[in-house]
Amino acid sequence: QVQLVESGGGLVQAGGSLRLSCAASGRTFSSYVMGWFRQAPGKEREFVAAISWSGGNTYYADSVKGRFTISRDNAKNTVYLQMNSLKPEDTAAYYCAAGYTFIVAYLSSRAKYDYWGQGTQVTVSS
């Protein structure tokens, strides 16, 4: 089992940047595929990005491709989401999640992730 705690959210102007962090407990962090999801008020939780166990493979939603970068540091049990060129439509609560399977067809499915953090709020003003 793993516990996840997100941080780094806040208020930023459009065009700005933020880096989210997700710290994981436990000694088996490197055995998990890690993902980021987001949920805006009144909307479904949607996939943002995922990264494989070693960090060698990444996958992004089309809406963030070229602007967001997911990375991980297994020595620090932490996954990051660098968000650049932020837009008001990026406003949401951002959640990290841990799963076991890095199959592209499944990465955007919430059901494929077994553990979730509590979320951190990102607000982008226009």
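See above for the structure.
All of these numbers come straight from a predicted model, not from anything done at the bench.

Student: Help me out: how do you make sense of the sheet that holds strand β3 (residues 18-24) in this one?
Tutor: Neighbouring strands of a sheet are bound in pairs by backbone hydrogen bonds; such pairs are parallel or else antiparallel. Ordered in space as β1-β3-β8-β7, the 4 strands form an open sheet in which the pairing is antiparallel. If you trace the sheet from one side to the other, it starts and ends with β1 (4-7) and β7 (68-73), each paired once. Going across the sheet, the axis of each strand differs from the next one's by a mean of 15°, ignoring polarity. Sheet topology places β1 next to β3; 4 bridges connect them, and they run antiparallel. Looking at the pairing, Leu4 lines up with Ala24 of β3.

Student: Mind showing me how you'd approach the pattern of salt bridges here?
Tutor: Once their charged atoms are close, side chains differing in charge can pair, the charge on each being opposite to the other. For the structure shown, the criterion picks out 5 salt bridges. For Arg110, the salt bridge is made with Glu44, and the minimal N-O distance between the two is 3.6 Å. Within this pair, whereas Arg110 is found in the loop between α1 (104-107) and β10 (113-116), its partner Glu44 is found in the loop between β4 (33-39) and β5 (46-51), the two being separated by 66 residues in sequence. A salt bridge links Asp62 to Lys65, with the shortest nitrogen-to-oxygen separation between them at 3.0 Å. Salt bridges sharing common partners tie together Arg38, Glu46, Arg67 and Asp90.

Student: Any chance you could explain the state of the cysteines here in plain terms?
Tutor: Covalent bonding between the sulfur atoms of two cysteines defines a disulfide. For the coordinates displayed, the defined rule picks out 1 disulfide. Two residues share a disulfide in this structure: Cys22 and Cys96, whose sulfurs sit 1.9 Å from each other. Taking the torsion about the S-S bond as the criterion, the Cys22 to Cys96 disulfide, at about 45°, is right-handed. Here Cys22, found in strand β3, pairs with Cys96, found in strand β9 (residues 92-99); they are 74 residues apart in sequence, far enough to count as distant.

Student: Looking at this structure, I do not really get the packing of aromatic side chains. What am I missing?
Tutor: Evaluation of the coordinates by the stated rule reveals 8 aromatic pairs. Their ring planes at 80° and their centres at 5.1 Å tell us that Phe37 and Tyr113 sit as a pair that is edge-to-face. In this pair, Phe37 sits in strand β4 while Tyr113 sits in strand β10, placing the two residues 76 residues apart along the sequence. Exposure class is identical for Phe37 and Tyr113. Each is buried. Among the aromatic residues, those joined into a ring-pair cluster are Phe37, Phe47, Tyr59, Tyr113 and Trp116. The ring of Trp116 has Arg45 lying over it, and the distance from NZ or CZ to the ring centre is 5.1 Å. Taking NZ or CZ as reference, Arg72 lies 4.5 Å from the ring centre of Phe29, over its face.

Student: I would appreciate a short explanation of the pairing of strand β8 (residues 78-83) in the present structure.
Tutor: Every other side chain in a regular strand lies on the same face of the sheet, so the side chains alternate between the two faces. A large share of β8 lies buried, amounting to 5 of its 6 residues. Pairing of β7 with β8, which is carried by 6 bridges, proceeds in the antiparallel orientation. When the bridges of β8 are listed, Arg72 appears paired with Val79.

Student: Help me out: how do you make sense of the pairing of β4 in this one?
Tutor: Burial analysis of β4 places 6 of its 7 residues in the buried class, which makes it a mostly covered element. Where β4 and β9 come together, 7 bridges link them in antiparallel fashion. Among the inter-strand pairings, Arg38 is bridged to a residue of β9, identified as Tyr94. Looking at chain direction, β4 and β5 are connected through 5 bridges and run antiparallel. By the bridge assignment for β5, Arg38 is matched with Glu46. The turn linking β4 back onto β5 is made up of 6 residues, and Gly42 within it adopts a positive phi angle of 80°.

Conventions adopted
- Numbers given to residues run from 1 along each chain, matching the order in which its sequence is written.
- Two thresholds apply to this predicted model, a pLDDT of at least 70 for residue-level local features and 80 or more for giving and counting side-chain atom pairs, whereas whole-chain, interface and lining totals are computed over all residues.
- Water and hydrogen atoms play no part in the side-chain values, which are based on all heavy atoms of the structure.
- Note: two strands are recorded as paired if DSSP finds a minimum of 2 bridges between them.
- Helix and strand assignments follow DSSP, with helices taken as H or I runs no shorter than four residues and strands as E runs no shorter than two, numbered in order from the N terminus.
- For helices, the fitted line uses only the C-alpha atoms of the stretch in contact; every axis is such a line through C-alpha atoms, and the angle between N-to-C directions lies from 0 to 180 degrees.
- Should a side-chain nitrogen of Lys or Arg be within 4 Å of a carboxyl oxygen of Asp or Glu, the pair is scored as a salt bridge.
- Disulfides are defined as cysteine sulfur pairs within 2.5 Å.
- Working definition: a ring pair exists when centres of Phe, Tyr or Trp rings (six-membered ring for Trp) sit within 6.5 Å. Plane angles under 30 degrees give stacked, over 60 give edge-to-face, the rest tilted.
- Each residue's exposure class comes from its accessible area (1.4 Å probe, protein chains only) as a fraction of the maximum for that residue type: buried when under 20%, exposed when over 50%, partly exposed otherwise.
- A positively charged side chain is recorded as over a ring if its NZ (Lys) or CZ (Arg) lies within 6 Å of the ring centre. The angle to the ring normal must also be within 35 degrees.

Fair warning: the whole summary comes from geometry, so function is off the table for now.
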